[in-house]
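Fold and geometry: a report
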Amino acid sequence: MIPVENGPENSSDVSAAVELHYVVEEEDALACYPLIRQLRPHLNSEQEFLLRWQHQSTQGYRLLALCCGTQRVGLAGFRVQDNLVHGRFVYVDDLVIDATCRSVGYGKMLIERLKAEAQSFGCARLLLDAAMSNTLGHRFYYRQGLLATALRFSMTLPDQPQCPP
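As for the overall build of the protein
What the protein contains, in helices and strands, is five helices and five strands. When the helices and strands of the protein are placed in sequence order, the string is α-β-α-α-β-β-β-α-β-α. Restricting to contacts in the protein with at least 6 residues of sequence separation, those with at least 24 account for 53%.

Written out as structure tokens, the structure is:
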């Protein structure tokens, strides 16, 4: 378990009732499926998610679960990377708060934990991508101090699967 700090950005009611922990066991990962599916609806089954989580974990992917009691209310999947543009940084692959639990401070808690994790790994930056259509997410990220600094361009290559396992 990773303690959640109480502070001016988190009401004592919310932070006192939550725990953050890394997902390391398969059964814990499977329990995250309903929540990750809110962000990634193309994941068609618990088994598909489990296989992807296992594969990505071999590449440094870490998954943090934010729990209120036994309910998972948020997830943050990330990895530490290095490149010539940013140096050493944390890239956030996945960030989701349960649709029924938004606007109570859980997202801010996850961002704060991600910033602390990045610093503990010696990273100079925290990066994530947000869909152009996700205007509510953009507003949230701006409020958390993240700035839009680039556009990502992509294409699907012929005869390649959309999302490799």
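Topic: a nonpolar patch on the surface
Taken together, Met132, Leu151 and Phe153 make up a surface patch of nonpolar side chains, about 430 Å² in accessible area. In this fold, Phe153 is placed in the segment after helix H5 (135-143). We classify Phe153 as exposed; its relative accessible area is 73%.

Thoughts on the sheet that holds strand S4 (residues 87-97)
Taken together, five strands build an open sheet; the order of strands is S1-S2-S3-S4-S5 and the sheet is mixed. Strand pairing shows two members of the sheet lacking a second neighbour, strand S1 (18-22) and strand S5 (125-128), which therefore form its edges. Along the sheet, successive strands turn relative to each other by an average axial angle of 25 degrees, direction set aside. Note: S4 against S5, four bridges, orientation parallel. Its bridge partner lying in S5, Tyr91 is registered against Leu127. Against the sheet, helix H4 (residues 106-120) makes contact with S1, strand S2 (62-68), strand S3 (71-83), S4 and S5, and its axis sits at roughly 160 degrees relative to S4, the strand it touches most.

Considerations on the state of the cysteines
Tallied over the full model, the rule gives zero disulfides. Here Cys68 is not cross-linked by a disulfide; its sulfur's nearest cysteine counterpart is in Cys101, at 7.5 Å. Under the relative-accessibility criterion, Cys68 is labelled partly exposed at 26%. Judged by relative accessible area, Cys101 falls into the buried class, the value being 14%.

Looking at the pattern of salt bridges
According to the stated counting rule, one finds seven salt bridges in the structure shown. The closest approach of N and O atoms between Asp94 and Arg40, which form a salt bridge, is 2.9 Å. Of this pair, Asp94 sits in strand S4 while Arg40 sits in the loop between helix H2 (26-39) and helix H3 (46-57), and the two are 54 residues apart along the sequence. Residue class for Asp94 comes out buried when judged on its relative accessible area of 9%. A relative accessible area of 26% means that Arg40 is categorised as partly exposed.

What to know about the pairing of S4
As a general feature of sheets, a regular strand has side chains that alternate between the two faces. Of all 11 residues in S4, eight are buried; the element is thus mostly enclosed. As paired strands, S3 and S4 are joined by 10 bridges and run antiparallel to one another. By the bridge assignment, Gln81 is partnered in S4 with Phe89.

Brief notes about the confidence of the model for the protein
Any segment with low pLDDT has predicted coordinates that should not be analysed in fine detail. On average, residues of the protein score 90 in pLDDT, and 87% of them are at 70 or above. This model gives residues 1-12 a pLDDT under 50, and the stretch forms 25 contacts once residues within four places in sequence are excluded.

As for H4
Structural remark: α-helix, 3.6 residues per turn; residues separated by three or four positions point the same way. If you check H4, its first and last C-alpha atoms are 21 Å apart, about what 15 residues at 1.5 Å a residue would give, namely 21 Å. Along H4, the residues that are buried comprise Tyr106, Gly107, Met109, Leu110, Ile111, Arg113, Leu114, Glu117 and Ala118.

Some details on the side chain of Gln144
Note that Gln144 resides in the segment after H5. Under the relative-accessibility criterion, Gln144 is labelled buried at 11%. Ignoring any residue separated from it by four or fewer positions in sequence, one finds Gln144 in contact with Lys108, Ile111 and Lys115.

Definitions and limits used
- Residues numbered from 1 in each chain as written.
- Predicted model: local features only at pLDDT ≥ 70, side-chain atom pairs only at ≥ 80, totals over all residues.
- Heavy atoms only, no water.
- Helix = DSSP H or I, 4+ residues; strand = E, 2+ residues; numbered from the N terminus.
- Contact = heavy atoms within 4.5 Å.
- Patch = residues over 30% accessible without salt bridge, like charges linked within 9 Å, V, L, I, M, F, W, Y side chains within 5 Å.
- Areas by Shrake-Rupley, 256 points an atom, 1.4 Å probe, with all protein chains shown as cover.
- Salt bridge = Lys/Arg side-chain N within 4 Å of Asp/Glu carboxyl O.
- Buried < 20%, exposed > 50% of the residue type's maximum accessible area, 1.4 Å probe, protein only.
- Pairing = 2+ DSSP bridges.
- Axes fitted to C-alpha atoms, helices over the stretch in contact; angles between N-to-C directions.
- Disulfide = S-S within 2.5 Å.
- pLDDT = per-residue confidence, 0-100.
- Expected span 1.5 Å × (residues − 1).

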